[in-house]
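# Chain and residue survey
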Amino acid sequence: MSWLWAIILGLILGALARAILPGKQDIPIWLTIIFGVLGALLGNAVAAGIGVEDTKGIDWIRHLLQLAGAVLVVAVGTPLYARLRGGSGTRAR
């Protein structure tokens, strides 16, 4: 069941990251989920590194770091994906 939660979290974080970044990211939904999961893993690693991975109550700092990681992964991954596909990466709205 944990893989299902990872996919749901990846979808939510990836979608939020795409909404935060300016312009349109031309990536498919499966890649949005993968980027979101990678961002969550990156955020968890940073949270563990600074010692806030497990606190009493809701781990707001860890969740913000996960979102920041997802934004970073989407921002870096979208142009790489576009380059592999032969596109420009982003389009103006």
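Now for a quick tour of the structure. (Residues numbered from 1 in each chain as written. Predicted model: local features only at pLDDT ≥ 70, side-chain atom pairs only at ≥ 80, totals over all residues. Heavy atoms only, no water.)

### A few points about the packing of aromatic side chains
Counted according to the given criterion, the structure contains one aromatic pair. Ring centres of Trp30 and Tyr81 lie 6.4 Å apart, and the angle between their planes is 85 degrees; this geometry places the pair in the edge-to-face category. Of the two residues, Trp30 sits in helix α2 (residues 29-50) while Tyr81 sits in helix α3 (residues 60-85), which places them 51 residues apart along the sequence. (Phe/Tyr/Trp six-rings, centres within 6.5 Å; stacked < 30°, edge-to-face > 60°. Helix = DSSP H or I, 4+ residues; strand = E, 2+ residues; numbered from the N terminus.)

### Things to note about the nonpolar core
The biggest cluster of nonpolar side chains holds 13 residues, and the ones touching the most others in it are Leu13, Ala17, Ile27, Leu31, Phe35, Val71 and Val74. Top contributing element to this core by residue count: α3, with six residues. (Core = buried A, V, L, I, M, F, W, Y, C linked by side-chain atoms within 4.5 Å. Buried < 20%, exposed > 50% of the residue type's maximum accessible area, 1.4 Å probe, protein only.)

### Some thoughts on a nonpolar patch on the surface
A grouping of Trp3, Leu4, Trp5, Ile7, Ile8, Ile12, Leu16 and Ile20 is seen on the molecular surface, where their side chains present a nonpolar patch of about 790 Å² in accessible area. Looking at the secondary structure, you find Leu4 in helix α1 (residues 2-20). Taking relative accessible area as the criterion, Leu4 reaches 31% and is therefore assigned partly exposed. (Patch = residues over 30% accessible without salt bridge, like charges linked within 9 Å, V, L, I, M, F, W, Y side chains within 5 Å. Areas by Shrake-Rupley, 256 points an atom, 1.4 Å probe, with all protein chains shown as cover. Salt bridge = Lys/Arg side-chain N within 4 Å of Asp/Glu carboxyl O.)

### Regarding the packing of α1 against α3
Viewed as axis vectors pointing N to C, α1 and α3 meet at an angle of 65 degrees, and their least axial separation amounts to 8 Å. Classed by the angle they form, the pair α1 and α3 counts as roughly perpendicular. Our pair here, α1 against α3, has a crossing hand that is right-handed. Of the residues in α3, those in contact with Leu13, Gly14, Leu16, Ala17, Arg18 and Ile20 of α1 are Gln66, Leu67, Ala70, Val71 and Val74. Of the residues contributing to the contact of α1 with α3, the split by class is eight nonpolar, two polar and one charged. (Axes fitted to C-alpha atoms, helices over the stretch in contact; angles between N-to-C directions. Parallel < 35°, antiparallel > 145°, perpendicular 65-115°, else oblique. Left-handed = near helix turned anticlockwise from the far one by under 90°. Contact = heavy atoms within 4.5 Å. Nonpolar A, V, L, I, M, F, W, Y, C, P; charged D, E, K, R; others polar.)

### Notes on α2
With 22 residues, α2 extends 31 Å between its outermost C-alpha atoms, agreeing within 8% with the 32 Å of an ideal straight helix rising 1.5 Å per residue. Listed in full, the buried residues belonging to α2 are Leu31, Thr32, Ile33, Phe35, Gly36, Gly39, Ala40, Gly43 and Ala47. Packed against the buried residues of α2 are α1 and α3. Positive phi shows up at Gly51, right after α2, with a value of about 85 degrees. (Expected span 1.5 Å × (residues − 1).)

### Points about the side chain of Asp59
Inspection of the secondary structure assignment puts Asp59 in the loop between α2 and α3. Relative accessible area serves as the criterion here: at 8%, Asp59 is assigned to the buried category.

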